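The chain contents come next:
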Amino acid sequence: MEKKEQTQKQSEHTVGKRRGSRFLQRTMAFGFCGAVLLLVLISLIMPDRSFSEEENRVLSKQPKFGVTEVMNKEYMEGLESYTSDQFVFRDLWIKLKVQCDLLTGKRELNGVYLGKDKYLMQAISEPDQEHVKENIKGMNAFAARHQDLNINAMIVPNAAYVMQDYLPKGAPVRDQSKDMKEIQKQLDAGIGCIDVTKTLQKHVEEGMYYKTDHHWTSRAAAYAFNAAAVQLGIGGASGDYQRYTVTNEFSGTLSSKSGYHKAEDTIEVFEPEGVDVKYLVSDSDNQEQRPTAYDKKALKEKDKYQVFFGGNHAQVDITTTNDTTKRLLIFKDSYANCFVPFLIPYYNEIIMVDPRYYYDNVETLISGKHITDVLFLYNMDTFLTDTSIAGALAEE
Amino acid sequence: MIFSSIFFVFAYLPIVLILYYLVPFKFKNLVLLLVSLVFYAWGEPVYVVLMLFSIAINFVSGLELEYFMDRGEMRKAKYACIVTAAINLGVLGFYKYYGFVIENLNAILPFDIPYTKLALPIGISFYTFQTMSYVIDVYRGKVKAQHNPITFGAYVSMFPQLIAGPIVRYSDVEQQLMKRTMSIRKFGDGVMWFLQGLGKKVLIANNMGSIYEAIAVLGASETSVLTAWIGCFAYTMQIYFDFGGYSDMAIGLGKMLGFEFMENFNYPYTAKSITDFWRRWHISLSSWFKEYVYIPLGGNRVGQAKSIRNLLIVWGLTGLWHGAAWNFIFWGLYYGIILIIEKYILKGALEKLPSALQHVYTIVLVMFGWVLFFSPSLGSAVSYMGTMLGIGGAGLADLTGWYYLKSGLVLGIIAAVGSTPVVYRRFSKWEHSRNPYKQIACVVVYAGIFLISTAYLVNATYNPFLYFRF
């Protein structure tokens, strides 16, 4: 601890010693500069891409330069993500990274587990407790205001929970049955809870979730519909369906997110047999009425799950030739998109509202459309991280 | 901006190097100052003002000290030195500790003092200590005052060590600021240092970090003894490779610009005692505290009671330097107490143990230290340590622990081996060998590190710098 000792110690390892022979030093100097410049040049020459098919996301463009943009750091952040997004051979780098991860025994890539049978499963997120509380409060207040309506909530558990046996051994997964119990406890008696966990677990081997996507399959939705029909007040539902395969080449969001592209999924569409109800669909992004719930164009695109209603819209209206008085309002996330086709024959009108994009007044909608039934349909992960339900349900 | 990003390696760095090598020597410090200010502004543009203020005040103070000392007015010089040190510490205190102090006051006082938490200016803990070393050394007559504001500005703001050290003392680079040699061979050395650091950070620290993060969010009831130790091991490796990697990159960048910086780490996890550990860990910080706090307080040349007091002061401050929170202070004092025990109670006893036991003793204490360091509160630190010791957790081992063991094993072994000199020494021989195959093998290794690191950077989802907040 004396000064002398200290100076002596410093000289032991003051500066990094010379690292190599003349050949190595020169090779490293020229090699590094050459490699960096080469990659930079190619990146500059190659035209910017606006969308990455591989990752299924929009890539950053060159940011706008200005004093405001610099002061609030938008310019710097934009430039950093621009350089990284437009970096040359981006897709190849991603492949290399995934290979290295797999090589070191990693079984979780960007929050996606690599399960048995090439199943990709999203790790379940931590709930946003404050918003959950607020949303449930909003739902209870909504139910109290509308005691004349038949209100139900169906919260669908996620693949990582339902298909635990397919997860890498020991991978930690949130116990969604606990979450389910908690939600049931918090929701007032005015809201009926539909729990399809057991139904899905029973049929896991038939493919209840896509291997490459975070959504459930039409098959899962069919089982769930049969299990929920009575609670929804649908009597004599047809249990027989004609199944159509619409694509065999679905590579969903989880393969994009993980960079793992070893499997492809089949998307099926179910048509009930012996039901003769016609319907027209329109949505807030496309007012034109069409006689189908399916959007064929989506099959040519990357995200083929959008074949159901063409993806998410603030509002979707379905009017049918069934002259019942039952009119259903659904608050939902994308899990509903493949479920709603099963409901169509049993209502006079169905309105789907996606609270994430919906800014109109719900009360006006209910009285204007003479709504009789309400369904909240979410997957557990979205429901516990949602920040928009309470706002959409507000009276004002 | 952090070094381990596509933007830094493929945009900022090439531009800086081209500008730097294009201009004649007398403008190189100016280029260095300007690009460093851009680097600094990148994270928070308004704080450039703070940086310029810091440069100005310490530059002027150096001239003032010289003026007084030339005229033999030592009392005035002393006051000037104290005032400048106080301003430096005042700025640091205001930005770093103000919120912490008010929070603690509010907990005691019957009323609440309102305050808004300020964003911490990047690297303020590092450059404040650098400027203080300058002023104090001028006062001590160890270095001459710098008369060129650009040279001085370049010293304070120099981007390689700006945000995470090493803490370069002015006396160490005084000569280099005026005159330094640049050569292709030195540049090549720099590249190797930089790539080594990049690999440490991107390939090992980030991956170890994601294991630690996953385990940290598990509840105590879901954490078995095995899982807790894996989590602690992962953090132990993360922080060393993160910080060590950053220091290597800083040294490498310095060499590319013609500078030689002091090494900041010397295989700390191979230490045989805690005393030894702190000679090897963050060397530039511990030697700063020794030089500017411990020795001025009297060091150990005062009575035993006083020298124990000195150690506790130094280690309390070391802890506080790492962050404005109680757990950092306790972390510092934890080491202070162990060092006192080693020095006054154990004395030479440790050295009589078998060498393996000395290593185990050290690494276990260090790992428990990191628990104090990474825990958000003292309570959670105690409960995590409890889990590690088998109290209150989910049994000895469970499937979750097995899962993390399996997914982190390969990297964990690479990290553990990489934190010792074993492989490194052999590789170093190859670097100096005359055998062309060994030489080419070295090039291939570096090229591999560069390629794979780039692949991970392109994918960067988890890329924090632990020392960014200090």
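Residues numbered from 1 in each chain as written. Chains lettered and ligands numbered in written order. Predicted model: local features only at pLDDT ≥ 70, side-chain atom pairs only at ≥ 80, totals over all residues.

It is not clear to me how the overall build of chain A should be interpreted in this structure. Could you clarify?
The helix and strand inventory of chain A stands at 15 helices and 15 strands. On C-alpha atoms alone, chain A measures out to a radius of gyration of 27 Å, which is more than a quarter above the 21 Å that the 2.2 N^0.38 rule sets for 396 residues. For the C-alpha atoms alone, the extent of chain A along its principal axes is close to 90 × 50 × 50 Å. Within chain A, the fraction of its 396 residues that count as buried is 39%. In chain A, the share of contacts with a sequence separation of at least 24, taken over all contacts with a separation of at least 6, comes to 70%. (Helix = DSSP H or I, 4+ residues; strand = E, 2+ residues; numbered from the N terminus. Rg over C-alpha atoms; globule rule 2.2 N^0.38 Å. Buried ≥ 20, exposed ≤ 12 C-beta atoms within 10 Å, placed from the backbone. Contact = placed C-beta atoms within 7 Å.)

Would you take a moment to explain the nonpolar core for this structure?
A general tendency of soluble globular proteins is for nonpolar side chains to be buried together. Judged by nonpolar contacts, the single largest core of 223 residues is most densely connected at I330, F339 and I350 of chain A together with M208 of chain B. When residues no more than four places from it in sequence are discounted, the contact partners of F339 of chain A are A221, A224, F225 and L377 of chain A. (Core = buried A, V, L, I, M, F, W, Y, C linked by C-beta atoms within 7 Å.)

Whenever I open this one, the domain arrangement of chain A confuses me. Can you help?
Where the parts come together, the accessible area they lose is often given as the size of the interface. Residue and element names in this part refer to chain A. Parsing chain A into structural domains produces domain 1 (24-88) and domain 2 (113-393). A straight line from the C-alpha centre of domain 1 to that of domain 2 covers 39 Å. The residue inventory of the side of domain 1 that touches domain 2, partitioned by class, reads no nonpolar, 1 polar and 3 charged. (Domains from an automatic or database assignment. Nonpolar A, V, L, I, M, F, W, Y, C, P; charged D, E, K, R; others polar.)

Please explain the interface of chain A and chain B as it appears in this structure.
With 52 residues of chain A at the interface, the matching set in chain B holds 54 residues. Elements supplying a minimum of two residues to the side of chain A that touches chain B: α1 (3-12), α2 (22-45), α3 (67-71), α4 (74-85) and α5 (90-103) of chain A. With 14 residues, the single largest contributor to the side of chain A that touches chain B is α2 of chain A. Here the residues of the side of chain A that touches chain B are counted per class, giving 23 nonpolar, 15 polar and 14 charged.

Quick question: what am I supposed to make of the environment of I366 of chain A here?
All names here are of chain A. Here I366 lies in helix α13 (residues 362-369). Along the sequence, I366 and L329 sit 37 residues apart, while their C-alpha atoms lie 7.9 Å from each other. In contact with I366, not counting residues within four places along its chain, are L329 and I371.

What is the right way to read the domain arrangement of chain B from this model?
All names here are of chain B. By domain assignment, chain B separates into domain 1 (6-180) and domain 2 (186-469). Tallying the contact residues gives 27 residues for domain 1 and 27 residues for domain 2. Every element with two or more residues in the side of domain 1 that touches domain 2 is listed here: α1 (6-22), α4 (74-108), α5 (124-139) and α7 (170-178). It is α5 that provides the largest number of residues to the side of domain 1 that touches domain 2, a total of 5 residues. Looking at the side of domain 1 that touches domain 2, its residues break down into 18 nonpolar, 6 polar and 3 charged.

Help me understand the confidence of the model for chain B, please; the structure alone is not making it clear to me.
Close reading of the predicted structure is inappropriate where its pLDDT is low. Mean pLDDT over chain B stands at 87; residues scoring 70 or higher make up 97%. In the model output, the complex is listed with pTM 0.84 alongside ipTM 0.84. (pLDDT = per-residue confidence, 0-100.)

Any chance you could explain the environment of F10 of chain B here in plain terms?
Mapped onto the elements, F10 of chain B comes out in helix α1. Classification of F10 of chain B as buried rests on a count of 21 C-beta atoms within 10 Å. Aside from chain neighbours lying at most four places away, what touches F10 of chain B is V36, L39, V40 and T83 of chain A.

It is not clear to me how α7 of chain B should be interpreted in this structure. Could you clarify?
Residues spaced three or four apart along an α-helix face the same direction, because each turn holds 3.6 residues. Residues and elements named next belong to chain B. Listed as buried for α7 are Y170, D172 and V173. The arc that holds the buried residues of α7, viewed along the axis, is 135°, so those residues lie on one side. Pointing more than 90 degrees away from the buried face of α7 are the exposed residues Q175 and M178. Among the structural elements, α5 and α6 (149-157) are those in contact with the buried residues of α7. (Arc of directions from axis to C-beta.)

Please clarify how the packing of helix α3 (residues 48-70) of chain B against α5 of chain B should be interpreted in this entry.
Geometry of a packed helix pair, given as the angle between the helix axes and the separation of the axes. Residues and elements named next belong to chain B. Remark: α3 packs on α5, axes separated minimally by 9 Å, with the N-to-C direction vectors making an angle of 10°. Considering their axes alone, α3 and α5 lie roughly parallel with respect to each other. Contact residues: α3 offers S54, N58, S61, G62, L65 and E66, while α5 offers Y127, T131, Y134, V135, V138 and Y139. Each residue belonging to the contact of α3 with α5 can be placed in one class, and the counts come to 6 nonpolar, 5 polar and 1 charged. (Axes fitted to C-alpha atoms, helices over the stretch in contact; angles between N-to-C directions. Parallel < 35°, antiparallel > 145°, perpendicular 65-115°, else oblique.)

Please clarify how the sheet that holds strand β6 (residues 150-156) of chain A should be interpreted in this entry.
Each strand in a sheet pairs with another by means of backbone hydrogen bonds, the pair being arranged parallel or else antiparallel. Residues and elements named next belong to chain A. Read from one edge to the other, the open sheet built from 8 strands follows the order β7-β6-β15-β13-β14-β12-β10-β11, with strand pairing classed as mixed. Of all strands in the sheet, those bounded by a partner on one side alone are β7 (191-194) and β11 (286-290). Here the average twist between neighbouring strands, direction ignored, is 15°. In terms of strand pairing, strand β13 (residues 327-332) meets strand β15 (residues 373-379) through 5 bridges, oriented parallel. Bridged to L329 within β15 is V374. (Pairing = 2+ DSSP bridges.)

What exactly am I supposed to notice about the sheet that holds strand β3 (residues 108-109) of chain A here?
Strand order in the open sheet formed by 3 strands is β3-β4-β5 (chain A), with antiparallel pairing between adjacent strands. The open sheet terminates on both sides in strands that have one partner only, identified here as β3 and β5 (120-122) of chain A.

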